[in-house]
Amino acid sequence: MELLDGELELREIQKLEGHTDRVWSLAWNPTGTGVAGMLASCSGDKTVRIWQKGPSGSWDCSAVLEDTHTRTVRSCAWSPSGKLLATASFDGTTAIWERVGGEFECVATLEGHENEVKSVSWNASGSLLATCARDKTVWIWEAQPGNEFECVSVLQGHTQDVKMVQWHPFLDVLVSVGYDNSVKVWTEDGDDDWHCVQTLGEAGSGHTSTVWALSFNSAGDRMVTCSDDLTLKIWDTSQNPSETSGDGSGSWSHLCTLSGYHDRTIFSVHWSRDGLIASGAADDAIRLFTESKDRMVDQPSYKMLVKREKAHDMDVNSVQWNLKEPKLLASASDDGTIKIWELSEVSKLVEHMLLQEFAAGTGVDRHQTF
Amino acid sequence: MILFDCGFDNGGDIDDDNDEFPSKVGKYKAKTELHHFCSLPILIRIQEMVVGLLNANPIVYKKKERRARNVPTVIDEVTFTPTIEHCSMATLIGLCLRVKLMRSLPSRYKVDIRVAPGRHATEAEVNKQLNDKERVAAALENPNLLELVDSCLEP
């Protein structure tokens with residue numbers, strides 16, 4: 001995709017309404033049916049909604065997953081096969097739903113956390129699930145036949161509420177971020193022996209307030225974190241070849257900090273396949289960042305490409321790029337709505353408008369080719 | 001920025017060991033018993049405090065609106081001053097303030113709540129939690145705590 005400076009914008013395709021409380025999180029089904037697939041959303045109304053593009057081209061709610069969680073559903077994640085959906089709730093449980101045709105059935109409930117579960121993530125092969133909670137722990141579960149899940153490890157290390165967990169795109173490396181302002185990297189020594197191999201804290205160019213989310217790039221050699229300290233930080237593993245053990249775990253180092261772009265807490269960040277970083281913040285805006293191709297600078301740097309103010313009427317809690325159509329972005333807000341956006345070139349819009357004006361003015365057939 | 005003086009006396013046995021929103025409020029369910037946890041002068045003070053905020057707010061709102069270019073969002077900072085360095089009480093008062101503001105102000109208002117600097121032993125921790133909307137939301141899902149907050153805010 002060729003990106004032209006200052007000529008891109010996020011165009012609102014549709015607003016999805018239905019939830020009766022704030023929408024916390026979104027997840028695109030990695031497989032799904034049709035061109036753009038299926039979207040799951042979870043809310044303070046204790047339900048999960050599934051949205052699909054109908055034959056008319058508009059997105060409709062095709063299922064409501066309710067009567068299972070007894071409190072806010074905070075996070076949801078599809079398994080790599082797209083057949084299972086994990087939902088994490090303030091009620092302390094993580095539910096596993098199986099998709100059978102258009103219906104969803106709760107096939108397992110994972111219990112163990114002492115209080116609100118904040119996030120859930122599947123590893124690349126779908127064999128492992130990770131959850132984290134306000135109890136400061138990260139749990140790793142193994143998926144077994146018959147939709148059975150066994151807890152194989154409880155990871156201690158964070159000193160406060162853990163806000164999000166995310167698996168590396170292809171390695172069994174887990175990263176967690178939280179209220180203690182830190183980013184922790186976890187790997188396995190074999191035999192379910194998981195431990196923290198690295199902590200990216202305040203001392204090492206880390207965040208100075210709660211870290212809310214993280215996202216890996218598609219190559220798996222960079223990750224971006226967002227925080228209440230109003231910055232985005234990019235980290236990478238490719239700069240220290242002597243220390244890289246090839247398993248993506250060791251020596252994540254700080255690459256750059258994007259500051260001055262946000263003036264309220266950044267709740268969500270997501271790195272697209274095409275290299276665009278989307279952020280959702282408490283100022284109701286969505287911003288897009290990309291790596292700067294400025295040859296004058298030695299260090300890789302990032303710049304803001306698009307700022308969509310008033311994307312929602314309230315805080316943006318989640319931004320997620322569609323996995324198959326890289327120009328499609330979904331966002332969720334405290335205002336209870338979800339929006340589907342398309343990244344498009346302003347110039348094409350302007351060109352179209354000008355053509356329309358011209359055709360209207362001169363009476364020329366607007367379908368005439370120029 | 002609006003400063004409030006909130007004086008109160010130490011009422012009841014409160015868990016002072018952690019900064020988290022009080023969760024052990026089960027035994028204070030009955031309204032009469034709540035006065036042990038949150039004595040009458042405190043309840044009245046919170047009400048006065050919040051009413052004072054709302055009366056003062058239109059002035060602050062106008063000022064902010066002039067500065068913000070076409071953005072109707074108002075960002076306001078409310079500072080409250082507990083006169084005793086009692087962690088759980090500061091957190092509870094802050095939470096009551098947060099709830100009252102949520103219920104009274106239009107949703108476009110963004111409010112940051114702070115304990116007045118230098119007046120509280122663990123002010124950083126209290127502030128962090130009061131301004132973490134996920135923590136506040138989770139706390140308010142505790143029916144006992146919500147009932148306590150409602151009682152504090154009742155006229």
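Residues numbered from 1 in each chain as written. Chains lettered and ligands numbered in written order. Predicted model: local features only at pLDDT ≥ 70, side-chain atom pairs only at ≥ 80, totals over all residues. Heavy atoms only, no water.

### Observations concerning the overall build of chain A
Of regular secondary structure, chain A possesses one helix and 28 strands. Counting across all 370 residues of chain A, residues that qualify as buried make up 55%. Considering only contacts in chain A between residues 6 or more positions apart, those separated by 24 or more positions represent 50%. Carbon and sulfur atoms form 45% of the exposed surface of chain A, whose accessible area is close to 15,300 Å². (Helix = DSSP H or I, 4+ residues; strand = E, 2+ residues; numbered from the N terminus. Buried < 20%, exposed > 50% of the residue type's maximum accessible area, 1.4 Å probe, protein only. Contact = heavy atoms within 4.5 Å. Areas by Shrake-Rupley, 256 points an atom, 1.4 Å probe, with all protein chains shown as cover.)

### Remarks on unusual backbone geometry
Residues and elements named next belong to chain A. One non-glycine residue, Lys-136, lies in the positive phi region at around 75°. Summarising the element assignment, Lys-136 is placed in the loop between strand S11 (128-133) and strand S12 (138-144). Here the phi dihedral of Ser-205 falls at roughly 60°; this positive angle occurs in a residue that is not glycine. For Ser-205, the location among the structural elements is in the loop between strand S17 (194-200) and strand S18 (211-216).

### A closer look at the pairing of strand S15 (residues 174-178) of chain A
Residues and elements named next belong to chain A. Burial analysis of S15 places five of its five residues in the buried class, which makes it a mostly covered element. Along S15, one buried face is formed by Leu-174, Ser-176 and Gly-178 and the opposite face, lined by Val-175 and Val-177, is buried too. Hairpin connection, strand S14 (residues 162-167) to S15: the antiparallel pair is bridged by six residues. Sheet topology note: the S15/strand S16 (residues 183-188) ladder contains four bridges and is antiparallel. Across the sheet, the residue bridging to Ser-176 is Lys-184, located in S16. Where S15 folds back on S16, the antiparallel hairpin that results is connected by four residues, among which Asn-181 adopts a positive phi of roughly 70°. (Pairing = 2+ DSSP bridges.)

### A short note on the side chain of A:His69
All names here are of chain A. Along the chain, His-69 turns up in the loop between strand S5 (59-65) and strand S6 (73-78). According to the relative accessible area criterion, His-69 is buried, its value standing at 7%. Here Asp-91 takes part through its side chain, which lies 3.1 Å from a polar atom of the side chain of His-69. When near neighbours in sequence (up to four residues on either side) are disregarded, His-69 contacts Lys-46, Thr-87, Ser-89, Asp-91, Thr-93, Thr-94 and Ala-95. (Polar contact = N/O pair within 3.5 Å; in protein donor to acceptor, adjacent residues only side chain to side chain.)

### What about the confidence of the model for chain B?
Do not read the fine detail of predicted coordinates wherever pLDDT is low. Residues and elements named next belong to chain B. Per-residue confidence for chain B averages 60 on the pLDDT scale, and 38% of its residues sit at or above 70. Per-element mean pLDDT across chain B ranges from 32 in strand S1 (residues 2-6) up to 96 in helix H5 (residues 133-140). Low pLDDT, under 50, characterises residues 1-18; the stretch is placed with 54 contacts to residues that sit more than four places away or in other chains. Residue range residues 54-74 is modelled with pLDDT below 50. Its contacts to residues more than four positions away, or to other chains, number 22 contacts. Reported confidence for the predicted complex is 0.89 by ipTM and 0.83 by pTM. (pLDDT = per-residue confidence, 0-100.)

### Thoughts on the nonpolar core
Ranked by size, the top nonpolar core spans 30 residues in total, and within it A:Met223, A:Leu232, A:Ile234, A:Ile277 and A:Tyr302 carry the most contacts. In terms of residues, this core owes the most to one element, S18(A), which gives five residues. Not counting residues up to four positions away in its chain, the partners in contact with A:Ile277 are A:Val224, A:Leu232, A:Ile234, A:Val269, A:His270, A:Trp271, A:Arg287, A:Leu288, A:Phe289, A:Tyr302 and A:Trp321. In terms of nonpolar packing, the next biggest core, distinct from the first, is built from 22 residues, B:Ala90, B:Val99, B:Val115 and B:Val126 among them. (Core = buried A, V, L, I, M, F, W, Y, C linked by side-chain atoms within 4.5 Å.)

### Examining the packing of aromatic side chains
By the definition in use, this model includes 10 aromatic pairs over all chains. Between A:Trp139 and A:Trp141 the ring centres are 5.4 Å apart and the planes differ by 25°, which places this aromatic pair in the stacked class. Judged on exposure class, the residue A:Trp139 and its partner A:Trp141 are both buried. Sitting over the face of the ring of A:Tyr179, B:Lys128 holds its NZ or CZ atom 4.5 Å from the ring centroid. (Phe/Tyr/Trp six-rings, centres within 6.5 Å; stacked < 30°, edge-to-face > 60°. Lys NZ or Arg CZ within 6 Å of the ring centre and 35° of its normal.)

### What about the pairing of strand S22 (residues 266-271) of chain A?
Residues and elements named next belong to chain A. Of all six residues in S22, six are buried, a share of seventy percent or more. In the sheet, S22 pairs with strand S23 (residues 277-281) via five bridges, with the strands oriented antiparallel. Looking across to S23, one finds that Ile-266 is bridged to Ala-281. Adjacent in sequence and paired antiparallel, S22 and S23 are bridged by five residues, among which Gly-275 carries a positive phi angle near 90°.

### Points about helix H6 (residues 143-153) of chain B
Along H6(B), the residues that are buried comprise B:Leu145, B:Leu148, B:Val149, B:Ser151, B:Cys152 and B:Leu153. For H6(B), the capping residue at the N-terminal end is B:Asn142, with a side-chain oxygen 3.0 Å from the backbone nitrogen of B:Asn144.

### Structural notes on the sheet that holds S23(A)
Residue and element names in this part refer to chain A. Sheet architecture is open: four strands sit in the order S22-S23-S24-S25, paired in antiparallel fashion. Sheet topology places S22 and strand S25 (301-308) at the edges, where each strand pairs with a single neighbour. Strand-to-strand, the axes of this sheet are offset by a mean angle of 25°, without reference to chain direction. The pairing of strand S24 (residues 286-292) with S25 spans seven bridges and is classified as antiparallel. For Leu-288, the partnering residue across the bridge sits in S25 and is Val-306. (Axes fitted to C-alpha atoms, helices over the stretch in contact; angles between N-to-C directions.)

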